Amino acid sequence: MRLFSSVNDVQDVDALAKEALALKASPFAYQQLGKNKTICLVFLNPSLRTRLSTQKAAQNLGMNVIVLNIDKEGWALELQDGAVMNGTSVEHIKDAAAVMGEYADIIGLRSFPGLKDRDEDYSEAIFNKFVKYCNVPVVSLESATRHPLQSLADLVTIEEFKTKLRPKVVLTWAPHIKALPQAVPNSFAEWMCKANVDFVITHPEGYELNRDFTQGATITNDQDEALIDADFVYVKNWSAYELYGKVLPGNDDWMLTLDKLKATNNAKVMHCLPVRRNVELSDEVLDSESSVVIHEAGNRVWAAQAVLKQMLESL
Ligand code: CP
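Residues numbered from 1 in each chain as written. Predicted model: local features only at pLDDT ≥ 70, side-chain atom pairs only at ≥ 80, totals over all residues.

### What to know about the overall build of the protein chain
Reasoning step 1: A count of helices and strands for the protein chain gives twelve helices and twelve strands.
Reasoning step 2: Structurally, the protein chain occupies a C-alpha span of about 55 × 50 × 30 Å along its principal axes.
Reasoning step 3: Counting across all 315 residues of the protein chain, residues that qualify as buried make up 45%.
Reasoning step 4: Across the protein chain, the fraction of contacts at a sequence separation of at least 24, relative to all contacts at a separation of at least 6, is 77%. (Helix = DSSP H or I, 4+ residues; strand = E, 2+ residues; numbered from the N terminus. Buried ≥ 20, exposed ≤ 12 C-beta atoms within 10 Å, placed from the backbone. Contact = placed C-beta atoms within 7 Å.)

### Observations concerning helix 2 (residues 49-60)
Reasoning step 1: Over its twelve residues, helix 2 extends 16 Å from the first C-alpha to the last, a length consistent with the 16 Å expected when each residue adds 1.5 Å.
Reasoning step 2: Along helix 2, the residues that are buried comprise Thr50, Ser53, Thr54, Ala57, Ala58 and Asn60. The buried residues of helix 2 occupy an angular sector of 160° when the element is viewed end-on, so they sit on one face.
Reasoning step 3: On its buried side, helix 2 packs onto strand 2 (38-43), strand 3 (64-69), strand 6 (106-110), helix 7 (148-161) and helix 12 (293-313).
Reasoning step 4: Phi turns positive, to about 85°, at Gly62, one or two residues after helix 2. (Expected span 1.5 Å × (residues − 1). Arc of directions from axis to C-beta.)

### Quick word on the packing of helix 2 against helix 12
Reasoning step 1: Contact geometry for helix 2 and helix 12: axes closest at 8 Å, N-to-C directions at 50°. Looking at the two axes, helix 2 sits oblique to helix 12. As helix 2 packs across helix 12, the resulting crossing turns out to be right-handed. Across the interface between the two elements, Arg49, Ser53, Thr54, Lys56, Ala57, Ala58 and Asn60 of helix 2 pack against Ala297, Arg300, Val301, Ala304, Gln305 and Leu308 of helix 12.
Reasoning step 2: For the contact of helix 2 with helix 12, the residue count by class is six nonpolar, four polar and three charged. (Axes fitted to C-alpha atoms, helices over the stretch in contact; angles between N-to-C directions. Parallel < 35°, antiparallel > 145°, perpendicular 65-115°, else oblique. Left-handed = near helix turned anticlockwise from the far one by under 90°. Nonpolar A, V, L, I, M, F, W, Y, C, P; charged D, E, K, R; others polar.)

### Quick word on the sheet that holds strand 8 (residues 168-173)
Reasoning step 1: If you walk across this open sheet you meet the five strands as 10-9-8-11-12, and the pairing is parallel. Each having just a single partner strand, strand 10 (218-220) and strand 12 (268-270) make up the two edges of the open sheet. This sheet shows a mean twist of 20° between the axes of neighbouring strands, independent of strand direction.
Reasoning step 2: Sheet strands touched by helix 8 (residues 183-192): strand 8, strand 9 (198-202) and strand 11 (232-236). Its angle to strand 8, the strand with the most contacts, is close to 165°. (Pairing = 2+ DSSP bridges.)

### Observations concerning the confidence of the model for the protein chain
Reasoning step 1: Per-chain confidence: the protein chain averages 97 in pLDDT, with 100% of residues scoring 70 or above.
Reasoning step 2: Both confidence scores are given for the complex: pTM 0.98, ipTM 0.99. (pLDDT = per-residue confidence, 0-100.)

### Examining the site of the ligand
Reasoning step 1: Lining the immediate environment of the ligand, one finds Ser47, Leu48, Arg49, Thr50, Glu142, Gln150, Cys272, Leu273 and Pro274.
Reasoning step 2: Partitioned by chemical class, the residues of the shell around the ligand number four nonpolar, three polar and two charged.
Reasoning step 3: There are two domains that each give the shell around the ligand at least three residues, and those are domain 1 (3-146 + 300-314) and domain 2 (150-297). (Near = placed C-beta within 6 Å. Domains from an automatic or database assignment.)

What follows is the structure in structure tokens.
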């Protein structure tokens, strides 16, 4: 594997989830694989889980790790091809990416969307330029439209907790005070559409996701109906795709509560974190036995380790 940017870069989704679980059972079985290899984790945006879990995963495989918060510690990047760089930008992304490729065997990159220009965000311009110019394998640490390491960890978590061969998994929109990207729900949707689950998406009117990510999902605006007999409820806010990047008024009653969970099949509640308590998800749910959000975050290590292992094997 030389690129991990979406589910489409994975040959066998179930096999990769099983590999993650095998690594969870034996974290240090492949310490020689990454010996004398370096991963450079490049962040244009903040992170807690992705940064720490990917670093730990790489170290478990024996790799050296460099972390660069390029937005704070690097030169201001120019992203436009052909730009006359007589303004505030100091270094072109084509030079910065190429140089980082000289120092690393694998690069991880986080590049959030601006949420202003949908075409620009959905073209993944920054991520794709990095891939083009760095000349080494690249793993997405969350791009403008997808968060595949999160989705793999989510699939691993479902595998661990499921009590039937084909569980019902519901992705429900949740309220938030800020405009958030669609990367997590897009990605979760496209991974669930390839997994052996009954997948339902529920959201208020106006929060339809790009259909490219939801092929095969059942989609409804009726949250109560969607929750009936759910085995897993994945809670996430996202801003509108049609009215791009907008937070639409109302919908505060979409926050998941213990009362709403009564309709489910004793569902496990998932969230990628960070979560705004009592806005997106209530304390009573997050602190209940139904919540698996901390376990889910722990699985980020094994998801990253499975992907890095496959990348190291292809070097
Ligand atoms: N879920 C997730 O990606 O967390 P961070 O943004 O903290 O990395």
